[in-house]
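Spelled out from the first residue to the last, the chains are:
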There are 2 protein chains.
Amino acid sequence: MKAVVLLSGGLDSTVTAYHAKKEGHEIYALTVNYNQRHKKEIQSAKKIAKTMGAVEHKIVDLDLRLFGGSALTDNKIKVPDTPARGIPSTYVPARNTIILSIALAYAETVNADCIYIGAHCLDYSGYPDCRPEFIQRFQQMADVATKRAVEGRPIKIMVPLLNMDKKQIIEKGKALGVPFELTRSCYKEGRKSCGVCDSCRIRLNGFKEAGVRDPIEYE
Amino acid sequence: MKAVVLLSGGLDSTVTAYHAKKEGHEIYALTVNYNQRHKKEIQSAKKIAKTMGAVEHKIVDLDLRLFGGSALTDNKIKVPDTPARGIPSTYVPARNTIILSIALAYAETVNADCIYIGAHCLDYSGYPDCRPEFIQRFQQMADVATKRAVEGRPIKIMVPLLNMDKKQIIEKGKALGVPFELTRSCYKEGRKSCGVCDSCRIRLNGFKEAGVRDPIEYE
């Protein structure tokens, strides 16, 4: 069975991709280049797709800097080095809605039965579009949105990490043989990861709690 | 009040835009260039946005030819000259889901309260993502997808033409002073409109029934 996997190049999407492969799926990897500050993750995604033996890897360009409104798509907004209260400035308006929508198009054209996304709602940054209720309503919308859906074969959204914390995700990744060294989580543009942004902090803490060495380089 | 309007350059989106303006909104026009066969409609959208006094007009590139799967995004699939049974080959997988998602991002960044889309479910081509149930479920998803939604100010999807037929849309457009001569409906790439594709046929028939002259050129 074919599955589209949203592969950002980060830890969560990579563990999700390896999980989907373990489940027996042929992997159609999809990366959305939204002109994010941390574009280096796209190079990671390419290496991961190749390493894991994805059937195909599509990289779709959609320049969300045209709109801005996030520390990840507007250089005038700084990536915070300390945890925020509420939804942080790294929230990208409607990002997961957009990337899931593009995945829906890809899945329908390659005739994939499902879409895997690495969203989870523990140890995350409080983004509205990572919550279970968002995923559930996206599914309900997808259930009427496509030709496949009308034909009684709606595309399913699979969120295997939804209720895991970072420690569990890393343990799962280790068990699946995920090449952690190829993944990149940092929100910043530097060659090495910063180690202080939300994404780096959550990652480092997860590796620490899991008792696994994080093989990537930090500043 | 600010409103994002999805403006393809076609008849329906143009009437919708003029309706939104009449309702008192400041218009933030959004056109998605998905590398459609009938790219000429984007030139129409530019002229219409300018003519109607849109505050801003964003044209976002997202190349759906990367996926193909539609007569509008794959030159190997011919645009049909006769009505199809069921969903026609001009259906573009997940197109309305994608363009509404991008509109959601735009609306959130400019702080618009609503998004207008010219979808309607009478005199249309049977696309699944033009149906009322699709719009309703997209709204329910949008109600939990954004930061604005979490803050209790979800962005509303407005579909003023939803239950109108083409005759009524043209009559409404006439009453609103829509510059029909700037709109383009044809699915093909020629300079003049073909007059025989689904989109041209529905348009011509609508003008005929409304007793209004269609000012654009046909082959």
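For the structure, see preceding data.
The sections below set out a description of the structure shown in this document. Please read all numbers here as calculations on a predicted model, not as lab measurements. Here the residue numbers are simple positions, counted from 1 along each chain's written sequence. To read the labels, note that chains go from A and ligands from 1, taken in the order they are written. Thresholds applied to this predicted model are a pLDDT of at least 70 for local features of residues and 80 or more for the giving and counting of side-chain atom pairs; totals over whole chains, interfaces and linings are not thresholded and use all residues.

### Considerations on the nonpolar core
For soluble globular proteins, nonpolar side chains are generally found buried alongside one another.
Thought 1: Here, a nonpolar core denotes buried Ala, Val, Leu, Ile, Met, Phe, Trp, Tyr and Cys residues that are linked to one another through C-beta atoms within 7 Å. With C-beta atoms placed from the backbone, a residue counts as buried when 20 or more other C-beta atoms lie within 10 Å of its own, as exposed when 12 or fewer do, and as partly exposed for counts between those limits. Grouped together as the largest cluster of nonpolar side chains are 132 residues, with contacts concentrated most on Ile-115 of chain A together with Val-5 and Ile-115 of chain B.
Thought 2: The contacts of Val-5 of chain B, once residues within four sequence positions are left out, are Thr-16, Ala-17, Ala-20, Ile-27, Tyr-28, Ala-29, Leu-30 and Tyr-116 of chain B. Working definition of a contact: two residues with C-beta atoms, positioned from the backbone, lying within 7 Å.

### Some details on the pairing of strand β3 (residues 56–61) of chain A
All names here are of chain A.
Thought 1: Taken together, the six bridges between strand β2 (residues 26–33) and β3 define a ladder with parallel strand orientation. What sits directly across from Thr-31, in β3, is Ile-59.
Thought 2: Convention used here: a crossover is right-handed provided that the path from the first strand, over the helix, to the second strand proceeds clockwise when the strands point away from the viewer. Under the DSSP-based scheme used, a helix requires at least four consecutive residues in state H or I and a strand at least two consecutive residues in state E, with every element numbered from the N terminus. Each parallel crossover has a hand, and for β2 linked through helix α2 (residues 40–52) to β3 it is right-handed. Strands qualify as paired when DSSP identifies two bridges or more between them.

### A look at the pairing of strand β1 (residues 2–6) of chain A
Residue and element names in this part refer to chain A.
Thought 1: Taken across its five residues, β1 has four buried, putting it largely inside the fold.
Thought 2: Judged from the five bridges that link them, β1 and β2 form a sheet pairing that is parallel. From the neighbouring strand, Val-5 faces β2, where its bridge partner is Ala-29.
Thought 3: The pairing of β1 with strand β4 (residues 114–116) spans three bridges and is classified as parallel. Bridge pairing links Val-5 to Tyr-116 in β4.

### Overview of the environment of Val-212 of chain A
Residue and element names in this part refer to chain A.
Thought 1: With respect to the helices and strands, the residue Val-212 is situated in the segment after α7 (198–210).
Thought 2: Judged by C-beta crowding, with 15 C-beta atoms within 10 Å, Val-212 ranks as partly exposed.
Thought 3: For the pair Val-212 and Glu-171, spaced 41 residues apart in sequence, the C-alpha to C-alpha distance is 8.1 Å.
Thought 4: Beyond its immediate stretch of four places on either side in the chain, Val-212 contacts Ile-170, Lys-174 and Phe-207.

### Concerning the interface of chain A and chain B
Thought 1: Every contact between the two is made by 36 residues of chain A and, on the other side, 36 residues of chain B.
Thought 2: For the side of chain A that touches chain B, the elements supplying multiple residues, two or more each, are β3, α3 (95–110), α4 (132–145) and α5 (147–150) of chain A.
Thought 3: If one sorts the elements of the side of chain A that touches chain B by residue count, α3 of chain A sits on top with nine residues.
Thought 4: Residues are grouped as follows: Ala, Val, Leu, Ile, Met, Phe, Trp, Tyr, Cys and Pro are nonpolar; Asp, Glu, Lys and Arg are charged; every other residue, Gly included, is polar. Partitioned by chemical class, the residues of the side of chain A that touches chain B number 22 nonpolar, seven polar and seven charged.

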